[in-house]
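What the coordinates show
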Amino acid sequence: RPVRGPSIEACVRATAGDQTFACCPPSFAGVDIMDFQLPSASEPVRIRRPAHLAGLDPVWLDKYKRAIKAMRCLPNDDPRSYIQQARVHCAYCNGAYVQADDTNKGLQIHYSWLFLPFHRYYIYFYERILGKLIDDPTFALPFWNWDHEDGMPIADMFKDTESPLYDPLRNPAHQLPTSLLDLDYNKRQPAVRTKEEQVRVNYAVVYNNMVSGAKRRLEFFGAKYRTGSAVPVRQSSGSCENLHNPAHIWVGDSSRALGEDMGNFYSSGRDPLFYVHHGNVDRLWNVWKTIGKFRFDFDDYDYLNASFLFYDENAKPVRVKVKDCLDNKLMRYDYEERPLPWRNFQK
Ligand code: C2O
């Protein structure tokens, strides 16, 4: 049977390190939960652009900032508020929930085939909430285009300390204009590389996780996870997830024990960069399907029918199923096309 998570009555404090945190959403219990419906085909398609380019468009940037600011101003108990949106990740990843159909088991949406679809829905609703808050149904998130040389630094708009897009809990050294994301980041022994070397290392990492080490679905998506399976652990994640991990650790503040914000599940949703980073992960899911044979989504019943709960842009709870998110065009958003400089990488 598919994972049907979470149980709507059972949510406890989440755990990270040796601390616990309040992450439960405004209760789902007692409210009517609708089944997800795809948006109408007459809705405009939101086009997500690379952050380093979108940031050059002052009209769009102003909208993005206004939307994030409005989200920060919502009362904390509004499920669309900044803090509640961050808590979604915490609740689903730090042990706050149990599975609806196996209440002895925790729920974990990392380290398995649920990773990509869960995060797709998460940023889908987040984007629609932002659009709703500024009354713009065309509003699209940017994506962090770290698989292209020009997109490797953190985009400027996130580094402006006066901006609602700024998050103080980051590694300050990695916010310098010259600092490029290291997709091979090792916190204990950060490598010192020239810009050219770093770009090559990054292309090699993307190539390994998207092309040579991801020829089959299981390699790319991660382990199968059904009701009754053990809660997935790190070793069972797919290459798409392994590819995305170093950015979390690299952005977060390594002087803090839990690496806040980006470096820990419980706090990463507090940094606007989280959703922009995941935009690229989501985009690379699409790209992966276009670069060779055997690159399809799973068609197992237990994959297609796995479900999650979210609050939508109208603060209404919805139950979503994996099968409804496999074609992003039907969800009325898409990505601006970008070159893939890592595609034929040769060592
Ligand atoms: Cu839920 Cu980038 O992690």
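Residues numbered from 1 in each chain as written. Predicted model: local features only at pLDDT ≥ 70, side-chain atom pairs only at ≥ 80, totals over all residues.

Looking at an unreviewed UniProt entry, one finds the protein named Tyrosinase copper-binding domain-containing protein, with Linum tenue as its source organism. In its Sequence similarities (unreviewed entry) section, the UniProt record describing the protein reads: "Belongs to the tyrosinase family." (UniProt positions renumbered as here; feature names shortened; annotations may be inferred.)

A tally of regular secondary structure across the protein gives 10 helices and 10 strands. Computed over its C-alpha atoms, the radius of gyration of the protein comes to 19 Å, within 12% of the 20 Å expected for a compact globule of 347 residues. Expressed as lengths along the three principal axes of its C-alpha atoms, the size of the protein is roughly 55 × 50 × 45 Å. When burial is assessed residue by residue, the protein has 46% of its 347 residues classed as buried. A separation of at least 24 residues holds for 73% of the contacts in the protein among residues at least 6 apart in sequence. (Helix = DSSP H or I, 4+ residues; strand = E, 2+ residues; numbered from the N terminus. Rg over C-alpha atoms; globule rule 2.2 N^0.38 Å. Buried ≥ 20, exposed ≤ 12 C-beta atoms within 10 Å, placed from the backbone. Contact = placed C-beta atoms within 7 Å.)

In this section: the packing of helix α4 (residues 115-133) against helix α9 (residues 272-289). Each packed pair of helices is defined by two parameters, the angle between the axes and the distance between the axes. Between α4 and α9, whose axes approach to 10 Å, the crossing angle comes to 125 degrees. On the basis of the axis angle, α4 is oblique to α9. For the element pair α4 and α9, the recorded crossing hand is left-handed. Residues L116, H119, R120, I123 and Y126 of α4 pack against Y275, H278, G279, V281, D282 and W285 of α9. (Axes fitted to C-alpha atoms, helices over the stretch in contact; angles between N-to-C directions. Parallel < 35°, antiparallel > 145°, perpendicular 65-115°, else oblique. Left-handed = near helix turned anticlockwise from the far one by under 90°.)

UniProt tags H244, H248 and H278 as "binding site: Cu cation B" (unreviewed entry). Separation in sequence by 35 residues is not matched in space for these annotated residues, since their most distant C-alpha atoms are only 10.3 Å apart. On the secondary structure map, H244 appears in helix α7 (residues 239-251). With 20 C-beta atoms counted inside 10 Å, the residue H244 sits in the buried group. Note that H248 resides in helix α7. Judged by the 20 C-beta atoms lying within 10 Å of it, H248 is buried. Once you skip the residues sitting within four places of it in the chain, H248 turns out to touch M262, G263 and S268.

Tracing the sequence through the fold places E197 in helix α5 (residues 195-212). In the structure, E197 is positioned 185 residues away from V12 in sequence and 46 Å away in space, judged by C-alpha atoms.

A word on the sheet that holds strand β8 (residues 307-311). Pairing is mixed in the open sheet, where 3 strands are placed in the order β3-β9-β8. For this open sheet the edge positions go to β3 (34-35) and β8, each flanked by a neighbour on one side alone. Pairing of β3 with strand β9 (residues 317-321), which is carried by 2 bridges, proceeds in the parallel orientation. Bridge pairing links D35 to R319 in β9. (Pairing = 2+ DSSP bridges.)

Pairing between β8 and β9: 5 bridges, direction antiparallel. Of the residues in β9, the one forming a bridge with F308 is V320. Following β8, the chain reverses through 5 residues before pairing antiparallel with β9; A315 in that reversal takes a positive phi of roughly 65 degrees.

A few words now on the UniProt feature "binding site: Cu cation A" (unreviewed entry) in the protein. Taking the UniProt record as the reference, the feature "binding site: Cu cation A" (unreviewed entry) is found at H89, H110 and H119. In terms of the greatest pairwise C-alpha distance, the residues named above, spread along 31 residues, form a tight cluster of at most 10.3 Å across. Position of H110 among the secondary structure elements: in the loop between β6 (102-106) and α4. You can call H110 buried: it has 20 C-beta atoms within 10 Å. If near-sequence neighbours (up to four positions away) are discounted, H110 is found in contact with C93, F115, P232, S237 and E241. Within the secondary structure, H119 sits in helix α4. What makes H119 buried here is the crowd of 26 C-beta atoms within 10 Å.

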